[in-house]
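Remarks on the overall topology
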Amino acid sequence: MLILIPIVFLLVAAVAILILNWLRPNYGLTWFISVGVSLVVWMGLIYLRIRLIQSIQLAKWLPVDLFSTSPSLILDRYSWPYAMGISTLLLVTILTAAARSRFQLSPVAWAGSVGMTGIGLLAVCAGNPLTLVMTWVAIDLIELLLVLNTARDDQMTRRAVVAFAARLVSIYVILAAVMVSRSQGSILNLTTVDPKAGIFLIVGAGLRLGVLPLHLPFSADLPMRRGLGTMLRSISSVSGLVLLSRLQGAIIPAEWAPFLITLSAIATLYASVMWMLAADDLAGRPYWVIGMAGLAILCVFQGAATGSIAWGLMMLLGGGMSFLFTARTKPLFALPVLTLVLMTGLPFTPTANGFEGLFSGSFAAWKIMAILAIVFLGLGFWRYVTHKGDPLAGMERWVQVTYPLGLFLLPIIQITLGFFGWPGSRTIGIWWASTLVIVLLGTSIVYFELVIRKSGVEIQERRQWVNIFQRPARFLAAFFSLDWLYRLVGYTFDTVGGFLGRLAFVLEGDGGVLWTLLLLALLLSLLQKGIGG
């Protein structure tokens, strides 16, 4: 029952913040309440760490013949790290919001972040596919409504609707996994997965992680790209990553493994390069998510699903450091540097378990692509956190306290989760892979600082980078962004709509009665022939 308390508390608090802001607008009061709610939930989840494992059935659906399972929640060592990560990101987002005042302060965005965190906790604690699918639908609907509300033209609206439709495909894939399990005489749950259904779950999670489509548009003139936008993207992705962490053992058929692993490695490397070359961290955010998710999926293909948690938390908390680190001082720069170190897989760091999931076993060519992907992700992270930001010294005193405190929580909680978070999290990792990543990443950063940045020319503007990456990157970006699919769907809708419009014009015009009588005569003749036959 305790598992339900933080979820209900967050959802009720989100509604209360909206009502309060409507009745008595006061930025300071709503911010203080948002911080208080986030802090209480964060501390409550720390307490629940000593009360694992907890499960609760939300309702019993009848008839049993139709609904073999009912919605339920479970808090265990696979879901708790993600729950803790989401609540930490919420607390940091609210604490650092005042430092992003030039993007406008928005109590509505804070209420949205609080409410989305409540739904995100439902998703990561889902005890069966039914509960997971229900939370996916809720997250997708909320995201669709927010994007439609900020869409500036018909093209953005159409892209949002098609993206929502692509997310619905992931739900149908999960339902297909349920049907496959039932055909085998078993009930699919998230603790023991039938290998025949496992491939459907991986595909469903892959769709969920934003590969198809690559991303949804966010309005640049609203305060949701850094705050609420970060929460939306993170929670939507984590709701798929938590599914990967439960797919233990050999999930995919052995004959499919080389092909799927190679494709995933190529996609991960592509996403990491695009993240490194993006105009800024917000433009590259979809690639950061796909790159980290690709590393997580590779761990699952290797039969080391717990390693996916390490990359999921790096996507969540490491990405939070990049996207929320907007005000800069020299002492604060130690925090993103620490986050970058945590990405290298050193012994007893959180990603050490992720390195074991990727690089254990015999050598394969795709492992080189995985190492390069980690290096490019790290180099892109360095590039964005070293950009010039807002001066923290000129802000109010209380902002100079809450902002560093919030950022400080990101690497500290990540380190703590690496020690006490999930099974196998505390490990020494793979020394040769970690060493290779450190050498390549260190060399790349030195070259970037001494040659590229010193020249005053941005990395995406340098001719050698353009010649190497621009053409293939543009082709792959055009393909994976699904602009061609948006145009195809739009053309199909326009064609069908035009045909129906002409048909309606004919039937409703002066000759409509004659056409109706003709169609009726044809129908009667067909029925008479069928009866006579």
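Residues numbered from 1 in each chain as written. Predicted model: local features only at pLDDT ≥ 70, side-chain atom pairs only at ≥ 80, totals over all residues. Heavy atoms only, no water.

Let us look at unusual backbone geometry. Backbone geometry at phenylalanine 348 places phi at a positive 70°, although glycine is not the residue there. For phenylalanine 348, the position within the fold is in the loop between helix H12 (334-342) and helix H13 (350-359). (Helix = DSSP H or I, 4+ residues; strand = E, 2+ residues; numbered from the N terminus.)

Another aspect to go through is a nonpolar patch on the surface. A cluster of nonpolar residues, Phe363, Ile368, Leu372, Trp431, Trp432, Leu436 and Leu440, forms a patch on the protein surface that exposes about 680 Å² of accessible area. Here the nonpolar patch gets 4 residues from one element, more than from any other, and that element is helix H16 (residues 431-455). By the secondary structure assignment, leucine 372 is in helix H14 (residues 365-385). For leucine 372, a relative accessible area of 30% gives the class partly exposed. (Patch = residues over 30% accessible without salt bridge, like charges linked within 9 Å, V, L, I, M, F, W, Y side chains within 5 Å. Areas by Shrake-Rupley, 256 points an atom, 1.4 Å probe, with all protein chains shown as cover. Salt bridge = Lys/Arg side-chain N within 4 Å of Asp/Glu carboxyl O. Buried < 20%, exposed > 50% of the residue type's maximum accessible area, 1.4 Å probe, protein only.)

The next subject is the pattern of salt bridges. Applying the stated rule across the entire model yields 3 salt bridges. In this structure, the salt-bridge partner of glutamate 143 is arginine 233, at a minimum N-O distance of 2.9 Å. Highlighted residues: glutamate 143 in helix H5 (residues 129-150) and arginine 233 in helix H8 (residues 224-244), separated in sequence by 90 residues. Across the pair, arginine 233 and glutamate 143 agree in class, each one buried.

We now examine the packing of helix H2 (residues 27-48) against helix H3 (residues 80-95). The geometry of H2 relative to H3 is characterised by a closest axis approach of 9 Å and an angle of 160° between their N-to-C directions. The angle between H2 and H3 places the two elements in the roughly antiparallel class. In terms of crossing hand, the pair formed by H2 and H3 is left-handed. On the side of H2, the interface is formed by Trp31, Ser34, Val35, Ser38, Leu39, Val41, Trp42, Leu45, Ile46 and Leu48, while H3 contributes Trp80, Ala83, Met84, Ser87, Thr88, Leu90, Leu91, Ile94 and Leu95. Considering only residue class, the contact of H2 with H3 consists of 15 nonpolar, 4 polar and no charged. (Axes fitted to C-alpha atoms, helices over the stretch in contact; angles between N-to-C directions. Parallel < 35°, antiparallel > 145°, perpendicular 65-115°, else oblique. Left-handed = near helix turned anticlockwise from the far one by under 90°. Contact = heavy atoms within 4.5 Å. Nonpolar A, V, L, I, M, F, W, Y, C, P; charged D, E, K, R; others polar.)

On to H14, then. Count 3.6 residues to each turn of an α-helix, and residues three or four apart come out pointing the same way. End to end, H14 covers 31 Å across 21 residues, agreeing with the expected 30 Å (1.5 Å per residue, within 8%). Most of H14 sits inside the fold, with 18 of its 21 residues counted as buried. (Expected span 1.5 Å × (residues − 1).)

Okay, the pairing of strand S2 (residues 72-75) next. Residues Ser72 and Ile74 point to one face of S2 and Leu73 and Leu75 to the other, with burial holding for every one of them. Looking at chain direction, strand S1 (residues 54-57) and S2 are connected through 4 bridges and run antiparallel. Within S2, the position partnered with glutamine 54 by the bridge is leucine 75. (Pairing = 2+ DSSP bridges.)

What follows is about the environment of lysine 388. Structurally, the position occupied by lysine 388 is in the loop between H14 and strand S4 (390-391). According to the relative accessible area criterion, lysine 388 is exposed, its value standing at 84%. Residues lysine 388 and threonine 326, 62 residues apart in the sequence, show an inter-C-alpha distance of 8.6 Å.

Okay, the environment of glycine 345 next. Relative to the helices and strands, glycine 345 is located in the loop between H12 and H13. For glycine 345, a relative accessible area of 1% puts it in the buried group. Residues contacting glycine 345, with those up to four places away along its chain left out, are Thr351, Ala352, Phe355, Ile428 and Ser434.

Judged by nonpolar contacts, the single largest core of 148 residues is most densely connected at Val124, Leu244, Trp288, Met292, Trp311, Leu358 and Phe359. For this core, the element with the most residues is H14, which contributes 14 residues. Every residue in contact with valine 124, bar those within four places of it in the chain, is listed here: Ser79, Tyr82, Ala83, Ile86, Val238, Val242 and Arg246. (Core = buried A, V, L, I, M, F, W, Y, C linked by side-chain atoms within 4.5 Å.)

What follows is about the packing of aromatic side chains. Two aromatic rings are characterised by how far apart their centres lie and by the angle between their planes. One pass over the full model with this rule turns up 11 aromatic pairs. Aromatic pair tryptophan 31 and tryptophan 398: ring centres 5.0 Å apart, planes at 65°, arrangement edge-to-face. Of the two residues, tryptophan 31 sits in helix H2 while tryptophan 398 sits in helix H15 (residues 397-420), which places them 367 residues apart along the sequence. Here tryptophan 275 and tyrosine 384 contribute two aromatic rings whose centre-to-centre distance is 4.7 Å and whose plane-to-plane angle is 75°, an arrangement assigned as edge-to-face. Of this pair, tryptophan 275 sits in helix H9 (residues 257-277) while tyrosine 384 is found in helix H14, placing the two residues 109 residues apart along the sequence. For tyrosine 384, a relative accessible area of 3% gives the class buried. The ring centre of tryptophan 80 lies 5.5 Å from the NZ or CZ of arginine 49, which sits over that ring. (Phe/Tyr/Trp six-rings, centres within 6.5 Å; stacked < 30°, edge-to-face > 60°. Lys NZ or Arg CZ within 6 Å of the ring centre and 35° of its normal.)

Just distances and angles here, no functional claims.
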